[in-house]
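Spelled out, the chains give:
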Amino acid sequence: FDDNNVTREGEINPKSDLETIKTELCLADLQTLEKQKEPNPNRITLEDKKRSLVFQKAKEILSAGKEIREIKWTDEDREYLSPLFLLTAKPVLFILNIAEKEVSLSINELAEKYKLKEIGNIIPICAKVEMELIDLNPEERKEFLKELGLKQSGLEKMIQACYQLLGLQTYLTAGEKEVRAWTINYGDKAPQAAGVIHTDFEKGFIKAKIVSYQDFVSFKGWKEAAEAGKVRIEGKDYVMQEGDVVEFMVNS
């Protein structure tokens, strides 16, 4: 965006910036693949041949300016590529640094303005606004966002988008002294979620007492939520949901 206090070379062109980054990442992955040792031709195995063919295919894709994640790979192919930690194989999220006057624009409007419609997952963030939010208390922050016509800060949107992209979700444990948030994968069952707190909790899992976050807040805690019939007991096959408030029962 235009700002007299910011010095930059060339025109404001996020799409061009993105292409430059993409090229650099492709070149970095090519270097990684080039460093892989070729199998000894006198002792080559079928496994070596398969790996070599996958690496060669990856080199050709990167040389053509495409990224690894753009191609549909078999599970076997991904097993060969996974140990290389290729940059262009990773999930990607695009952060668009915008001006304060642009914060009220929708993602579609920004994508149209900067010709980014085909890019995909874009999160707009105004760094200036985010810096100002840091120094405000929760009520002031809420009022400031309201004045800007926003429900959430850009940072909150980015965190949520990252969790979604990586297949992560959060559950809560709530006691008298503290409330804590724990990160798990989508699809994790109750014993796996308990294991995030301590591995012994997963091994000794018996059942879980669960209430939704909204009900927990609305009824002001476990006691009132239970009296209203909002607390339920779940077993080992329960699939955790975003925002579950949980109390695990385990064998000591």
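Scroll up a little and you will see the structure.
We now turn to the structure provided with this report. Just so you know, these numbers come straight off a predicted model, no measurement behind them.

1. Considerations on the pairing of strand E4 (residues 179–185)
Side-chain direction in a regular strand flips from residue to residue, so the side chains alternate between the two faces of the sheet.
Then, in step 1: Examined bridge by bridge, strand E3 (residues 168–174) and E4 share seven bridges and lie antiparallel to one another. Its bridge partner being in E4, Thr-170 is matched across the sheet by Thr-183.
Then, in step 2: From the end of E3 to the start of E4, which pair antiparallel, there are four residues.

2. Notes on the pattern of salt bridges
Then, in step 1: Across all of its chains, the model carries 13 salt bridges by this definition.
Then, in step 2: Taking the shortest distance from any N to any O, the salt bridge between Arg-69 and Glu-67 comes out at 3.1 Å.
Then, in step 3: The class for Arg-69 is partly exposed, based on a relative accessible area of 30%.
Then, in step 4: Exposure remark for Glu-67: the relative accessible area of 10% places this residue in the buried category.
Then, in step 5: Of the charged contacts, one joins Arg-232 and Glu-234 as a salt bridge, the two residues approaching to 2.9 Å between their closest N and O atoms.
Then, in step 6: Owing to a relative accessible area of 32%, Arg-232 belongs among the partly exposed residues under this scheme.

3. Some words on the nonpolar core
Then, in step 1: By size, the foremost hydrophobic cluster in this structure holds 17 residues, and its most contacted members are Leu-96, Ile-98, Val-103, Leu-116, Val-129 and Leu-148.
Then, in step 2: For this core, the elements supplying multiple residues, two or more each, are strand E1 (94–97), helix H4 (107–113), helix H5 (127–134) and helix H6 (138–147).
Then, in step 3: Not counting chain neighbours up to four residues away, the residues in contact with Leu-96 comprise Pro-14, Leu-110, Tyr-114, Leu-116, Ile-122, Ile-123, Pro-124 and Ile-125.
Then, in step 4: Listed in part, the 14 residues of the second largest apolar core include Cys-26, Leu-30, Ala-58 and Leu-81.

4. Some remarks on the packing of H5 against H6
Then, in step 1: Packing of H5 against H6 leaves a shortest axis separation of 9 Å and a crossing angle of 155°. Judged by the inter-axis angle, H5 sits roughly antiparallel to H6. Judged by residue contacts, Val-129, Glu-132, Leu-133 and Ile-134 of H5 engage Arg-141, Phe-144 and Leu-145 from H6.
Then, in step 2: Partitioned by chemical class, the residues of the contact of H5 with H6 number five nonpolar, no polar and two charged.

5. Some points on a negative patch on the surface
Then, in step 1: Taken together, the side chains of Glu-139, Glu-140, Glu-143 and Glu-147 define an acidic patch exposed on the protein surface.
Then, in step 2: Along the chain, Glu-140 falls in helix H6.
Then, in step 3: On the accessibility criterion, Glu-140 (40% relative accessible area) is partly exposed.

What counts, and where the lines are drawn
Residues numbered from 1 in each chain as written. Predicted model: local features only at pLDDT ≥ 70, side-chain atom pairs only at ≥ 80, totals over all residues. Heavy atoms only, no water. Pairing = 2+ DSSP bridges. Helix = DSSP H or I, 4+ residues; strand = E, 2+ residues; numbered from the N terminus. Salt bridge = Lys/Arg side-chain N within 4 Å of Asp/Glu carboxyl O. Buried < 20%, exposed > 50% of the residue type's maximum accessible area, 1.4 Å probe, protein only. Core = buried A, V, L, I, M, F, W, Y, C linked by side-chain atoms within 4.5 Å. Contact = heavy atoms within 4.5 Å. Axes fitted to C-alpha atoms, helices over the stretch in contact; angles between N-to-C directions. Parallel < 35°, antiparallel > 145°, perpendicular 65-115°, else oblique. Nonpolar A, V, L, I, M, F, W, Y, C, P; charged D, E, K, R; others polar. Patch = residues over 30% accessible without salt bridge, like charges linked within 9 Å, V, L, I, M, F, W, Y side chains within 5 Å. Areas by Shrake-Rupley, 256 points an atom, 1.4 Å probe, with all protein chains shown as cover. Lys, Arg positive; Asp, Glu negative; His and termini not counted. Charge placed at Lys NZ, Arg CZ, Asp CG, Glu CD.

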